[in-house]
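Listed here are the chains, written in short residue letters.
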Amino acid sequence: MSILLVGVNHKTAPVEIRERLAFNDEACAAGLRRLVDGDIVREGLIVSTCNRVEILGATANDQIDLGAGLLTQFLDTSGSLPAGFLEKHLYLHTNEEAVRHLFRVASSLDSMVVGETQVLGQVRHAYSLAVEAGTAGKVLNRLVHHTFRVAKRVRNETGIAANAVSISYMAVELGKKIFDTLKDRTVMLIGAGEMAELSARHLVNAGVSRVVIANRSEASAQLIAGEFGGTAIRLEQVDEFLAEADMIICSTGAPDYVLTDAQTRKALERRRNLPTCLIDIGVPRNIDPAVGNVPNVFLFNIDDLESVISSNIREREREAERAELIVQSEVMQFQQTLRLMDVGPSIGALREKLQDVARAELARQRKRLGPLTSAQEAAVESLLMATVNKISHPLLNQMRRFYGTSDPDISQAPADTVDPEK
Amino acid sequence: MTSLLLAVLAAYLIAAIHYILAFANKRRSLLRVAEWSTVTGFVLHTASLVADWVIDGHYPLFFLRETLSFLGWALVALLVLLYRYRAPAVGAFTMPLISALTFFALLLGSDSANTPDPLSASWLFPIHTTLLIFAYAAFFIVFMASVMYLLQERELKLKTFSAIFHRLPALTTVNELAITAAALGLTLLTLGMVTGMIWSSIRTGTVWHNDPKEIFALLTWLLYFSLTIYRSTANWRGRRAAWLGVVGFGLVLCTFFGARFLGGYHVFG
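Computed from a predicted structure; not experimentally measured.

**Looking at the overall build of chain A**
Secondary structure summary: chain A contains 14 helices and 10 strands in total. For chain A, whose C-alpha radius of gyration is 32 Å, the value lies well above the compact-globule estimate of 22 Å for 422 residues. Projecting the C-alpha coordinates of chain A onto the three principal axes gives extents of approximately 110 × 55 × 35 Å. Across the 422 residues in chain A, those meeting the buried criterion constitute 39%. Of all intrachain contacts in chain A linking residues separated by at least 6 positions in sequence, the fraction that spans at least 24 positions is 72%.

Dropping the structure here:
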């Protein structure tokens, strides 16, 4: 069997095209049933996310070109685009390249933000839709499970998903770098902006136990406090709570500093010089830059965060190079699995054929043996079968090994060439 | 017991290599190998020390070879004791040193032909030296944790994170490790100095000889004492305390090598 992949992604097609091609769950199920005809396209899978639409199919080895045509045509018609319109946005991969592409997509090497974790879930969802629609057969089952394994390996063996690449997640990363675990830590939000709220959500998910929110409008502070089970306070009360806060996220629209050098020093004395992480995402800045010089205080403003993020992205790209090596070795391994799958049924057929020959011979010579008890009859048959199996077993194994490591094109051969009827 | 020590060295080297690889590549599976070979090395090392004791007939902490080997063993013992803080970085920073100590011990060869100064046969003397060796090992851990602290603190303040930054344990973790090891080291140093004084007073009737090793030991003791006091009153945390941990180790080295280069009462064998 051969594997085909046709698709568009954020690098090859603008959003105007991708949105026309995108499949929702129902369209996906209907599309799969339309695509997989059981004749040329034997199996199918559609991965549709905001950044990509990938159609995966399995065909017989000699029908690759036909299958590729069908897959492309399928994409054209489902986007109701004129034939040939997609040509310059489309990529078509077959066999080894298709496998590599899917491995790279699921490992998030092909993503806009390398190392993001969503895409694996999307592939998993696509697979469950295909299973429901009954279009995932032997080949795609193997391929998809192998893909999950590759993605897991990449995640575990490289640092591709380490290091935050978004501002809201940087708070968690900095917190962990300073405090190790965020359990039992207190975070204070000064100003209840959207970004601050998102950071707080990440922090709470990472284990922060207490959230204190100070905001000019008490109503919105109450709202967020309700969401995180936190405490809402007035802006004037900030000083009282300052000493308890291990992390402070500032995002007010105030025109001047909300937190000054003197305030911070006093709070630090009260918290016995325990380290404090201050994150200032306000523009204009909310925290006096001089605060950054206070010992045991770590202050990050929006530009600092951005520059750390870009260095983290570079770090991820370095890790991606190691991930590519893993993908490469896994592609080779899968190729071998695929060849064995091809040769498996024909070897089974060959074994059955040999057994048939033995049975036919027995039927022909049966009369000469005269009357036998049923036990004797069974003994003769099992003797024949055992002989056939014992002789053919090492030969078949040899064959399996041979085809497992060589060109797939001749894998259809054994059943025909060793056919004793010919 | 050269062959046994050779096996110890092999185990420590395997551990060191795996720790460094785990540190560089962030691989958990490598860490397991490193930890197991550390433990294996430790067990073999213990056996080798016991064998030395039985065969040579004296406590295996007198000649330089024995001291190096014992110091390596004490460091591993502390790593095992402080397993709560185990991390690829801790192993990658200590195991190479431990391997080097073991290697030099091997290089110096056996000196079982010599017999130690009969004065050292008193039961107090081995206790004195053992306590101090462990104190030195603990201060090395303080030094290492302090360096890790300073490296990270600097990058956090400068807001530029290097590859090593992402691989070091969290700031509070190394800080805690330094505090624990400093308290342990100070306790051991105090006990070691007291036993030394008792031994000396039994032997010669004097407690203090004004020799370089004693003076450095006293300075070391004062430094770590003030470090511990300041830390517990919370005036000195973080960077300043970490610098003290680094400077303190310089004094420890002077104490350790003091007698060898400056002479004095503490010269034996």
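**Overview of the overall build of chain B**
Summing up its helical and strand segments, chain B has 8 helices and 0 strands in all. Ordering the α and β elements of chain B from the N terminus gives α-α-α-α-α-α-α-α. For chain B, the residues scored as buried account for 42% of the 269 residues in total. Across chain B, the fraction of contacts at a sequence separation of at least 24, relative to all contacts at a separation of at least 6, is 80%.

**Let's talk about the sheet that holds strand β2 (residues 43-48) of chain A**
All names here are of chain A. Read across the open sheet, the 4 strands follow the order β2-β3-β1-β4; overall the sheet is antiparallel. Edge positions in the sheet fall to β2 and β4 (91-94), since each has one partner strand and no second. Between one strand axis and the next, the sheet turns through 15° on average, direction left out of account. Looking at chain direction, strand β1 (residues 2-9) and strand β3 (residues 52-59) are connected through 8 bridges and run antiparallel. If you follow Val-8 over to β3, its bridge partner there is Val-53. Along the sheet, helix α3 (residues 64-78) makes contact with β1, β3 and β4, crossing β1 at roughly 30°.

**Quick look at the environment of Val246(B)**
Residues and elements named next belong to chain B. By secondary structure assignment, the location of Val-246 is in helix α8 (residues 239-262). Taking the number of C-beta atoms within 10 Å as the measure of exposure, Val-246 has 15 and is therefore partly exposed. If sequence neighbours within four positions are ignored, Val-246 has contacts with Phe-143, Ser-146 and Val-147.

**What about the environment of Phe23(A)?**
Residue and element names in this part refer to chain A. Residue position: Phe-23 is located in the loop between α1 (15-21) and α2 (25-35). Look at Phe-23 and you get buried, because 21 C-beta atoms sit within 10 Å. Beyond its immediate sequence surroundings of up to four residues, Phe-23 is in contact with Cys-28, Gly-31, Ile-46, Ser-48 and Val-53.

**Remarks on the sheet that holds strand β7 (residues 231-233) of chain A**
Residues and elements named next belong to chain A. One open sheet holds the 6 strands; their spatial order is β7-β6-β5-β8-β9-β10, and the pairing between them is parallel. Bordering the open sheet on either side are β7 and β10 (297-301), each of which pairs with just one other strand. Taking the axes of each pair of neighbouring strands and ignoring which way they run, one obtains an average angle of 15° across the sheet. In terms of strand pairing, strand β9 (residues 276-280) meets β10 through 5 bridges, oriented parallel. For Asp-280, the partnering residue across the bridge sits in β10 and is Asn-301. Against the sheet, helix α8 (residues 194-205) touches β5 (186-190), β6 (210-214) and β8 (247-250), its axis set at about 175° to β5.

**Here we look at the domain arrangement of chain B**
Residue and element names in this part refer to chain B. Looking at the assigned domains, one finds that chain B contains domain 1 (1-114) and domain 2 (117-269). Taking the mean C-alpha position of each, domain 1 and domain 2 sit 20 Å from one another. With 18 residues of domain 1 in contact, the opposing surface of domain 2 contributes 21 residues. Of all the secondary structure elements, the ones that give two or more residues to the side of domain 1 that touches domain 2 are α3 (64-81) and α4 (88-108). Considering every element that reaches the side of domain 1 that touches domain 2, the biggest residue donor is α3, with 5 residues. Classifying every residue of the side of domain 1 that touches domain 2 by side-chain character gives 16 nonpolar, 1 polar and 1 charged.

Rules used in this analysis
- Residues numbered from 1 in each chain as written.
- Chains lettered and ligands numbered in written order.
- Predicted model: local features only at pLDDT ≥ 70, side-chain atom pairs only at ≥ 80, totals over all residues.
- Helix = DSSP H or I, 4+ residues; strand = E, 2+ residues; numbered from the N terminus.
- Rg over C-alpha atoms; globule rule 2.2 N^0.38 Å.
- Buried ≥ 20, exposed ≤ 12 C-beta atoms within 10 Å, placed from the backbone.
- Contact = placed C-beta atoms within 7 Å.
- Pairing = 2+ DSSP bridges.
- Axes fitted to C-alpha atoms, helices over the stretch in contact; angles between N-to-C directions.
- Domains from an automatic or database assignment.
- Nonpolar A, V, L, I, M, F, W, Y, C, P; charged D, E, K, R; others polar.

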